[in-house]
Amino acid sequence: MAALAGDVTGGPVGEQARSGPPGAGVRPVRILIVDDDALVRAGLSMILGGTPDLTVVGEAADGSEVMTATAACRPDVVLMDIRMPRLDGLAATELLRALPKPPEVLVLTTFDADEHVLRALRAGAGGFLLKDTPPAEIVRAVRRVAAGEATLSPTVTRTLIAHVTAGTAADPRRDRAAQLLAGLTERERAVAVALGRGRTNAEIAAELFMSVATVKAYVSRLLTRLDLNNRVQVALLVHDAGLV
């Protein structure tokens, strides 16, 4: 049974609201922690609950509890473990991201096997960190994912690079990615490639001589046109197509 905490009336908040300064009347980012280890849940609750702009609204001990806990807590970000006894975090992520208005998912695990990383990111997870990540980095990662930014540990980044370099021109995934990206305008394609290089909105704006607001509009358009959930999936598509 999920242990729920705090007000359950709020819903997901937008990027502007999430990024506002603590204490400025902006609702904190709501977090659901999913891990079968009670000590890990308690530690993460202490780390995240002590941050003014973040609030832990619930916990779940297994992936099978995630959908019920999400409906009750309405989190903005789900901090998800992978290895759990009944339903693992990868399957739970796939279920969550299939919702009409899904929360963001940040995978936090001790396992960085290639198949775990790629499956989580393709399912729509906004980030993938290892549990030995320093607390301050976890806090920053939650904020970034809540704001729609990708966040990956260095080992995960290396995994993605290896995945790309192992591909071949005859790879069906590469052919499909190339076909999807071929329908983009030149400007959309430039933004997609920048996402594939891990650039932030501000960095893309500087590189392509756009305003940050325009970049955000292009990212939203890319997600719609490519039928993807988040910018991480756009980056993966660009990598699959061999554009970076």
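Residues numbered from 1 in each chain as written. Predicted model: local features only at pLDDT ≥ 70, side-chain atom pairs only at ≥ 80, totals over all residues. Heavy atoms only, no water.

Novice: Got a sec to walk through the packing of helix α9 (residues 186-196) against helix α10 (residues 201-208)? Specific residues and values, please.
Specialist: Relative to each other, α9 and α10 sit at 135°, their axes nearing to 10 Å. In terms of orientation, α9 lies oblique with respect to α10. In this structure, α9 meets α10 at a crossing whose hand is right-handed. Between α9 and α10, the residues in contact are Arg187, Ala190, Val191, Ala194 and Leu195 and Ile204, Glu207 and Leu208, respectively. (Axes fitted to C-alpha atoms, helices over the stretch in contact; angles between N-to-C directions. Helix = DSSP H or I, 4+ residues; strand = E, 2+ residues; numbered from the N terminus. Parallel < 35°, antiparallel > 145°, perpendicular 65-115°, else oblique. Left-handed = near helix turned anticlockwise from the far one by under 90°. Contact = heavy atoms within 4.5 Å.)

Novice: Let's hear about helix α6 (residues 135-146): which residues, and what values?
Specialist: Taking 1.5 Å per residue, 12 residues should reach 16 Å; α6 reaches 17 Å between its end C-alpha atoms and fits that length. Three or more residues of α6 are buried, namely Ile138, Val139, Ala141, Val142, Val145 and Ala146. Taken end-on, α6 shows its buried residues confined to a sector of 160°, consistent with a single buried face. Immediately beyond the C-terminal end of α6, within one or two residues, lies Gly148, with a positive phi of roughly 90°. (Expected span 1.5 Å × (residues − 1). Buried < 20%, exposed > 50% of the residue type's maximum accessible area, 1.4 Å probe, protein only. Arc of directions from axis to C-beta.)

Novice: I'd love a proper account of the pairing of strand β4 (residues 77-80), names of residues and values included.
Specialist: The two faces of β4 match: Val77 and Leu79 on one face and Val78 and Met80 on the other face are all buried. As paired elements, strand β2 (residues 29-34) and β4 share four bridges and run parallel to each other. The partner of Leu32 across the bridge, within β4, is Val78. The sheet contact formed by β4 and strand β5 (residues 104-109) spans four bridges and is parallel. (Pairing = 2+ DSSP bridges.)

Novice: Kindly report on the environment of Gly242, identifying the contributing residues and their values.
Specialist: With respect to the secondary-structure elements, Gly242 resides in the segment after α12 (231-240). For Gly242, a relative accessible area of 38% puts it in the partly exposed group. In the structure, Gly242 is positioned 64 residues away from Ala178 in sequence and 8.2 Å away in space, judged by C-alpha atoms.

Novice: Break down the side chain of Arg231 for me, citing the residues and quoting the values.
Specialist: Along the chain, the position of Arg231 falls in helix α12. Ignoring any residue separated from it by four or fewer positions in sequence, one finds Arg231 in contact with Gly148, Glu149, Ala150, Leu195, Arg199, Thr200, Asn201, Ile204, Val219 and Leu223.

Novice: An account of the pattern of salt bridges is requested, with residue identities and associated values reported.
Specialist: Within this structure, the stated rule accounts for 12 salt bridges. Between Arg221 and Glu188 there is a salt bridge, with its nearest N and O atoms 3.8 Å apart. In this pair, Arg221 is assigned in helix α11 (residues 212-226) and Glu188 in helix α9, connecting sequence segments 33 residues apart. Salt bridges linked by common partners bring Asp35, Asp81 and Lys131 together as one network. (Salt bridge = Lys/Arg side-chain N within 4 Å of Asp/Glu carboxyl O.)

Novice: An account of the packing of aromatic side chains is needed here, citing residue identities and associated values.
Specialist: Within this structure, the stated rule accounts for zero aromatic pairs. The positively charged end of Arg221 is found above the aromatic ring belonging to Tyr218, 4.6 Å away from the centroid. (Phe/Tyr/Trp six-rings, centres within 6.5 Å; stacked < 30°, edge-to-face > 60°. Lys NZ or Arg CZ within 6 Å of the ring centre and 35° of its normal.)

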